[in-house]
Amino acid sequence: DNTPTDAILSETLLSQASFDKFTAISVKGDQVWTYDEKYGAKMSGYNGSGTDANEDWFLTPALDLTGKSSVTLTFDHAFGPAYAMPDTDAKKAQYTLWICNDYNGDGNVAAASWKELKGMAYGTEGWAYITSGEITIPAENLTTNCRIAWKYVCDTESSTWEIKNVVIK
């Protein structure tokens, strides 16, 4: 077990139990975040012959960050296939990170005050895992009921997004 001792949350997402600590919410589309023992949490709009329009969120459990002065998020992630890599701002906008402290757990993500977390590294090679980089949690979110979400949006073209080794410390 290589869990950092100072971690607030450390989940590989490579077991069903780890994946189940998170909340997958489908706002639009038939596809949903799924668990994969090799790749962690996976999301794609691919339906077998094309892409369905989707909006899907993957939320951490509620975290109490009260009293913390500095908190960061890191995770490993990959996109594929290579031709669908998020290599433009428009494509990167389909795969984003968000934070809030007022999601009440009812599945209605639109009712919460989400703010985008910037600075995530996207990588350049299909299916190649890279680290997100250290993403700083804003000071105003260092309170109770903090949730971080990976938001996946696609319309007619999509990439698969795979996420694992989430560490908040």
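All of these numbers come straight from a predicted model, not from anything done at the bench.

Tallied over the full model, the rule gives 16 aromatic pairs. Note on W57 and W114: the rings are 5.0 Å apart at their centroids and 45° apart in plane angle, and the pair reads as tilted. A residue pair is termed long-range when its members are at least 10 positions apart, and W57 in strand β5 (residues 54-59) and W114 in the loop between β7 (95-100) and β8 (115-117) qualify at 57 residues. Here F79 and W161 contribute two aromatic rings whose centre-to-centre distance is 5.6 Å and whose plane-to-plane angle is 15°, an arrangement assigned as stacked. Separated by 82 residues along the polypeptide, F79 in strand β6 (residues 72-80) and W161 in strand β12 (residues 160-168) bring together distant segments of the chain. For the pair formed by F79 and W161, the shared burial category is buried.

Counted by the stated rule, this structure contains six salt bridges. Measuring nitrogen to oxygen at the nearest pair gives 3.8 Å for the salt bridge that ties E157 to K91. With E157 in the loop between β11 (147-154) and β12 and K91 in helix α2 (residues 89-92), the pair connects residues that are 66 residues apart, well separated along the chain. A relative accessible area of 41% places E157 in the partly exposed class. The shortest N-O distance in the salt bridge between E116 and K118 comes to 3.5 Å. On the basis of relative accessibility, which here comes to 62%, the residue K118 falls in the exposed class. Each of D87, K91 and E157 takes part in a single network of salt bridges with overlapping partners.

Before going further, it helps to spend a moment on the environment of V32. Structurally, the position occupied by V32 is in the loop between β2 (23-28) and β3 (34-36). With a relative accessible area of 40%, V32 lands in the partly exposed category. Along the backbone, V32 and F22 are 10 residues apart, and their C-alpha atoms lie at a distance of 13 Å. Once you skip the residues sitting within four places of it in the chain, V32 turns out to touch S26, K42, M43 and D56.

What follows covers the layout of surface pockets. In this model, the largest pocket occupies a volume close to 150 Å³. Lining the largest pocket, in full, are D89, K92, A93, T96, L97, E116, L117, K118, G119, M120 and Y122. Sorting the residues of the lining of the largest pocket by element identifies α2, β7 and β8 as the ones contributing at least two each. Looking at side-chain class alone, the lining of the largest pocket contains five nonpolar, two polar and four charged residues.

Moving on, we come to unusual backbone geometry. Among all residues save glycine, negative phi is the norm, and among peptide bonds the norm is trans. The amide bond that connects G80 to the next residue, P81, takes the cis arrangement and shows omega of -5°. Within the secondary structure, P81 sits in the loop between β6 and α2. Phi angles above zero are rare outside glycine, and N145 is one such case at about 55°. By secondary structure assignment, the location of N145 is in the loop between β10 (135-136) and β11. N145 sits in the partly exposed class, given a relative accessible area of 24%. A positive phi angle is found at N165, which is not glycine, with a value near 55°.

The rules behind these values
Residues numbered from 1 in each chain as written. Predicted model: local features only at pLDDT ≥ 70, side-chain atom pairs only at ≥ 80, totals over all residues. Heavy atoms only, no water. Phe/Tyr/Trp six-rings, centres within 6.5 Å; stacked < 30°, edge-to-face > 60°. Helix = DSSP H or I, 4+ residues; strand = E, 2+ residues; numbered from the N terminus. Buried < 20%, exposed > 50% of the residue type's maximum accessible area, 1.4 Å probe, protein only. Salt bridge = Lys/Arg side-chain N within 4 Å of Asp/Glu carboxyl O. Contact = heavy atoms within 4.5 Å. 1 Å grid on protein atoms, 1.4 Å probe; cavity = no way out; pocket = protein on both sides within 12 Å on 5 of 7 lines; lining within 4 Å. Points joined across faces, edges and corners; volume = space filled by probe spheres on them. Nonpolar A, V, L, I, M, F, W, Y, C, P; charged D, E, K, R; others polar.

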